[in-house]
Amino acid sequence: MRRVVVTGLGMVSPIGNDVQTSWENALAGKNGVGPITHFDASNSGCKIAAEVKDFKVEDYLPAKEARRFDRFVHYGVAASLQAVRDDGFDFEKEDLTRFGCAVGSGIGGLGMICDNQNALMERGARRVSPFMIPGSIINMISGQLSIMLGFKGPNIAHVTACTTGLHSIGEASWIIRRGDADVMVAGGADASICPVGVAGFDNMHALSRRNDDPEHASRPFDKDRDGFVMGEGAGVVILEEYEHAVARGAKIYAELVGYGLSSDAGHITTPNSDGPRRCMESAMKQAGIAPSDIAYLNAHGTSTSVGDINETKAIKEAFGDAVKGLVVNSTKSMTGHLLGGAGGVESVFTILAVKNQVSPPTINIVEQDPECDLDYCANQARKMEIRYAMKNSFGFGGTNGSLIFKRVDD
């Protein structure tokens, strides 16, 4: 079986517009939540979100071209180009038919679609942008990257709600394992902080309404959590076949050794513990390791009352007695929930946890929920030995994914 390693990282997040800034802020417990500025939220029940700040799309796309795309494409392209630059490829020496892209989105260009709907209703059909369709469809990050970089291998985009970023990485790893590519750009992006996006989640009673205290609104596993905080951004990794990476002297962050996926087959929005449990067990089986081998788990951890309890239960069922030695963290406490981009951003954080042997904190745990009774690395980063780390993502429709990353220096 061909081995798959991570050789490049890219990120645009509410706590930083690149990997290094985001990582340093995550370790410091910096909060990325604040009042919504993307639109007038005065009539919204939820008035807070974790927005990307001071982002300059012109650093990645010409301004004229950027106007043709929704923000989720901006973020996805930016994170992907960061990852490619981080990797340091010499493309003149590479066969680009062996390079592919798999960067998806949970919702895609919702803001652009709504803006054009408003233009249609207010000013007529001729005011709808001719770029509305290509600028908002979910596969356009992968498509644009292929065009910009000349990658002629697989060009795909997965859509599995909030599991999108993780599934994209896992499926890209299998493309490499079965020999259809040597290198894949993989991850997820979303940017749905717009009137209809916020209203849709808020009317489901899914969002926090801690409008007067945004810094403490995202509080996974805390007794007083009242819903998740919408985030936006993108997280992308470069996956590469191990021998290909070694031959060109690439730096290797971690090895991807396990990928599990499952379905709850229950309810479209309410989870059960059976699906996530089987997902985690499948990833461990593929990696050929025991639960006791995993030291750190980056949780889905959204800060919803049902979700946090359900994930805690599933982790305990999957890990058994080994759960006593497991450190669990939710970086969503700082970034909010990036929807389809969450699994990409949080996979980058998990990889860096393995590389740097440290768990970021779960901030805003003031009084831990008694039903969430694991070690969540509350409020302060922790140096620790991490040989294997797991990343979980779960999504509407009952779709689940787990990845396992391994330290490469042993």
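1. Some details on helix α8 (residues 195-202)
Consideration 1: Buried within α8 we find Gly197, Val198, Phe201 and Asp202. Down the axis of α8, the buried set is contained in an arc of 125°. They therefore lie on one face.
Consideration 2: Tucked into the core, α8 has its buried residues touching α4 (110-123).

2. Topic: the nonpolar core
Buried together is how nonpolar side chains tend to be arranged in soluble globular proteins.
Consideration 1: If you look at the biggest cluster of nonpolar residues, it comprises 44 residues, and the most contacted ones within it are Val6, Leu9, Val237, Leu239, Ile351 and Phe405.
Consideration 2: Among the elements that line this core, the one with the most residues is helix α13 (residues 342-356), at eight residues.
Consideration 3: Those residues within four positions of valine 237 in sequence are excluded, and the remaining contacts are Val6, Gly8, Leu9, Ile169, Met184, Val185, Ala186, Val348 and Ile351.
Consideration 4: Residues Phe72, Met140, Ala189 and Ala191 belong to the second largest nonpolar core, which totals 33 residues.

3. Side note on the packing of helix α1 (residues 19-27) against α13
Consideration 1: Remark: α1 packs on α13, axes separated minimally by 11 Å, with the N-to-C direction vectors making an angle of 75°. Of the possible angle classes, the one that applies to α1 and α13 is roughly perpendicular. Mapping the contact onto sequence places Val19, Ser22, Trp23 and Ala26 in α1 and Val348, Phe349, Leu352, Ala353 and Asn356 in α13.
Consideration 2: A per-class count over the contact of α1 with α13 returns seven nonpolar, two polar and no charged.

4. Let's talk about the pattern of salt bridges
Consideration 1: Under the defined criterion, the tally for this structure stands at 22 salt bridges.
Consideration 2: For arginine 2, the salt bridge goes to aspartate 182, with nearest N and O atoms at 2.9 Å. Taken together, the positions of arginine 2 in the segment before β1 (4-12) and aspartate 182 in the loop between α7 (164-177) and β6 (183-190) put the pair 180 residues apart, joining distant regions of the chain.
Consideration 3: Since its relative accessible area comes to 25%, arginine 2 is described here as partly exposed.
Consideration 4: A salt bridge links lysine 251 to aspartate 86; the nearest nitrogen and oxygen atoms lie 3.1 Å apart.

5. A few points about the packing of helix α10 (residues 274-287) against helix α11 (residues 305-319)
Consideration 1: At a minimum axis separation of 8 Å, α10 and α11 run at an interaxial angle of 40°. Classified by the angle between their axes, α10 and α11 sit oblique to one another. Relative to α11, α10 is oriented so that their crossing is right-handed. Of the residues in α11, those in contact with Pro276, Arg277, Met280, Glu281 and Met284 of α10 are Asn310, Ala314, Ile315, Glu317, Ala318 and Phe319.
Consideration 2: Class assignment for the residues of the contact of α10 with α11 results in seven nonpolar, one polar and three charged.

Criteria and thresholds
- Residues numbered from 1 in each chain as written.
- Predicted model: local features only at pLDDT ≥ 70, side-chain atom pairs only at ≥ 80, totals over all residues.
- Heavy atoms only, no water.
- Buried < 20%, exposed > 50% of the residue type's maximum accessible area, 1.4 Å probe, protein only.
- Helix = DSSP H or I, 4+ residues; strand = E, 2+ residues; numbered from the N terminus.
- Arc of directions from axis to C-beta.
- Contact = heavy atoms within 4.5 Å.
- Core = buried A, V, L, I, M, F, W, Y, C linked by side-chain atoms within 4.5 Å.
- Axes fitted to C-alpha atoms, helices over the stretch in contact; angles between N-to-C directions.
- Parallel < 35°, antiparallel > 145°, perpendicular 65-115°, else oblique.
- Nonpolar A, V, L, I, M, F, W, Y, C, P; charged D, E, K, R; others polar.
- Salt bridge = Lys/Arg side-chain N within 4 Å of Asp/Glu carboxyl O.
- Left-handed = near helix turned anticlockwise from the far one by under 90°.

Just geometry here; none of it tells us what the structure is for.
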